[in-house]
Amino acid sequence: MRKKIVAGNWKMNTDKLKGSLLTHTVMEETNPGNFEVIFFPPFPFLSDIALISCQKQGFSLGAQNISEFDNGAFTGEVSAEMIASIPCKYVLVGHSERRMYFNENADVLNKKLLKAYQHGLIPLFCCGEPISERENDNYLDFVSIQIKESLFDLTADQLKNTVIAYEPIWAIGTGKTANPSQAQEMHALIRNVLEEKFDQNLVESIPILYGGSVNSSNASELFSQPDVDGGLVGGASLKAEEFIKIIASMETVLRNK
Ligand code: PEP
């Protein structure tokens, strides 16, 4: 069975104390035996959350970003090597907010992916279409292109160490979730596109998460789809009670499989 994951992207929210408390509470109340829960806190709290998250099996840490450069005069940037030294296991690459607000194009994303692999980080690669592409019925082609331009040049080994998240931009932070069949359609498409280039068994082993207004009411149905291997959760991961319920949804889905 593919690895199942529930990940919380805190974005630029919370503070050191509240973030630590949130992590403690979530870890006390949940037991992800056969899946993984990943916290993606802001950079300044990574070391604190690392010390907490390493204390129980099933919990991991990720960074929200890395630089495309190795080191040097890049004020404000954080390198993959620094992140790996905390240690972090994962890093987000290609989140739509980075593509939109920080002009991260395919060229930049490819450099970041390579830095992640070089330092032993697992990239959680995000893709997803804006509402205009969905309304024009071009959403499948749009995401296919994102997958091809960022992942087709990887080696099989690199792809093996990759997690994908499908996050339709119109669903991020809007309260409008893709319905389970819309998520399933895109996740299956992503697998089909990858199979044009990579071995079917390899592609079958890659976790594809859904992201976009996941909450405790919609998580179960989304996680039950055959090609949905979990969720990348933004807003709801900042509320301990909500995130705990989302993690519990994954437990229930896996128990009933
Ligand atoms: C995200 O930040 O990746 C995300 C999906 O946010 P939200 O759950 O708030 O829509």
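Definitions and cut-offs
- Residues numbered from 1 in each chain as written.
- Predicted model: local features only at pLDDT ≥ 70, side-chain atom pairs only at ≥ 80, totals over all residues.
- Heavy atoms only, no water.
- Near = heavy atom within 4 Å.
- Polar contact = N/O pair within 3.5 Å; in protein donor to acceptor, adjacent residues only side chain to side chain.
- Areas by Shrake-Rupley, 256 points an atom, 1.4 Å probe, with all protein chains shown as cover.
- Nonpolar A, V, L, I, M, F, W, Y, C, P; charged D, E, K, R; others polar.
- Phe/Tyr/Trp six-rings, centres within 6.5 Å; stacked < 30°, edge-to-face > 60°.
- Helix = DSSP H or I, 4+ residues; strand = E, 2+ residues; numbered from the N terminus.
- Buried < 20%, exposed > 50% of the residue type's maximum accessible area, 1.4 Å probe, protein only.
- Lys NZ or Arg CZ within 6 Å of the ring centre and 35° of its normal.
- Pairing = 2+ DSSP bridges.
- Salt bridge = Lys/Arg side-chain N within 4 Å of Asp/Glu carboxyl O.
- Axes fitted to C-alpha atoms, helices over the stretch in contact; angles between N-to-C directions.
- Contact = heavy atoms within 4.5 Å.

Enquirer: With reference to specific residues and values, describe the site of the ligand.
Expert: Surrounding the ligand, one finds 14 residues, the nearest of these being Lys11, Glu167, Gly173, Ser213 and Gly234. Take Asn9: an N or O atom from its side chain is 3.2 Å from an oxygen atom of the ligand. Within the side chain of His95, an N or O atom sits 2.9 Å from an oxygen atom of the ligand. In isolation the ligand offers 300 Å² of accessible surface; the protein chains occlude 96% of this area. Considering only residue class, the shell around the ligand consists of 4 nonpolar, 8 polar and 2 charged.

Enquirer: Let's hear about the packing of aromatic side chains: which residues, and what values?
Expert: Counted by the stated rule, this structure contains 6 aromatic pairs. Ring centres of Trp10 and Phe39 lie 6.3 Å apart, and the angle between their planes is 65°; this geometry places the pair in the edge-to-face category. With Trp10 in the loop between strand E1 (5-9) and helix H1 (16-29) and Phe39 in strand E2 (residues 36-40), the pair connects residues that are 29 residues apart, well separated along the chain. On the basis of an interplanar angle of 0° and a centroid distance of 4.1 Å, the ring pair of Phe69 and Phe74 is categorised as stacked. For Phe69, a relative accessible area of 35% gives the class partly exposed. Take Phe74: its relative accessible area is 33%, and that puts it in the partly exposed class. Every member of this aromatic cluster is reached through a ring pair, and the members are Trp10, Phe39, Phe59 and Phe243. The ring centre of Phe198 lies 5.3 Å from the NZ or CZ of Lys197, which sits over that ring.

Enquirer: Break down the pairing of strand E4 (residues 90-93) for me, citing the residues and quoting the values.
Expert: Where burial is concerned, the two faces of E4 agree: the one with Tyr90 and Leu92 and the one with Val91 and Val93 are both buried. Inspection of the sheet shows E4 paired to strand E5 (residues 122-127) by 4 bridges, in the parallel sense. Each bridged residue has a counterpart across the sheet, and for Leu92 the counterpart in E5 is Leu124.

Enquirer: Now, about the pattern of salt bridges: what can you tell me, with residues and values included?
Expert: Once their charged atoms are close, side chains differing in charge can pair, the charge on each being opposite to the other. For the structure on display, the rule yields 18 salt bridges. Of the charged contacts, one joins Arg191 and Asp227 as a salt bridge, the two residues approaching to 2.6 Å between their closest N and O atoms. Separated by 36 residues along the polypeptide, Arg191 in helix H9 (residues 180-195) and Asp227 in the loop between helix H11 (219-223) and strand E8 (230-233) bring together distant segments of the chain. For the pair Arg191 and Asp227, a shared accessibility class is recorded, and that class is buried.

Enquirer: With reference to specific residues and values, describe the sheet that holds E1.
Expert: Here we have 8 strands rolled up into a closed barrel, ordered E1-E2-E3-E4-E5-E6-E7-E8, and parallel in their pairing. Across the sheet, the axes of successive neighbouring strands diverge by a mean angle of 25°, strand direction being ignored. One ladder, built from 2 bridges, connects strand E7 (residues 208-211) with E8; its direction is parallel. Looking at the pairing, Tyr210 lines up with Gly231 of E8. Where helix H7 (residues 139-151) meets the sheet, its contacts fall on E5 and strand E6 (163-166), and the angle it forms with E5 comes to roughly 150°. Relative to the sheet, helix H12 (residues 240-255) contacts E1, E2 and E8, its axis offset from that of E1 by approximately 165°.

Enquirer: Describe in detail the environment of Gly76, supporting the description with residues and values.
Expert: Structurally, the position occupied by Gly76 is in the loop between strand E3 (59-63) and helix H3 (80-84). A residue is classified by how much of its surface remains accessible, and Gly76, at 66% relative accessible area, is exposed. Separated by 180 residues in sequence, Gly76 and Asn256 have C-alpha atoms that sit 46 Å apart.

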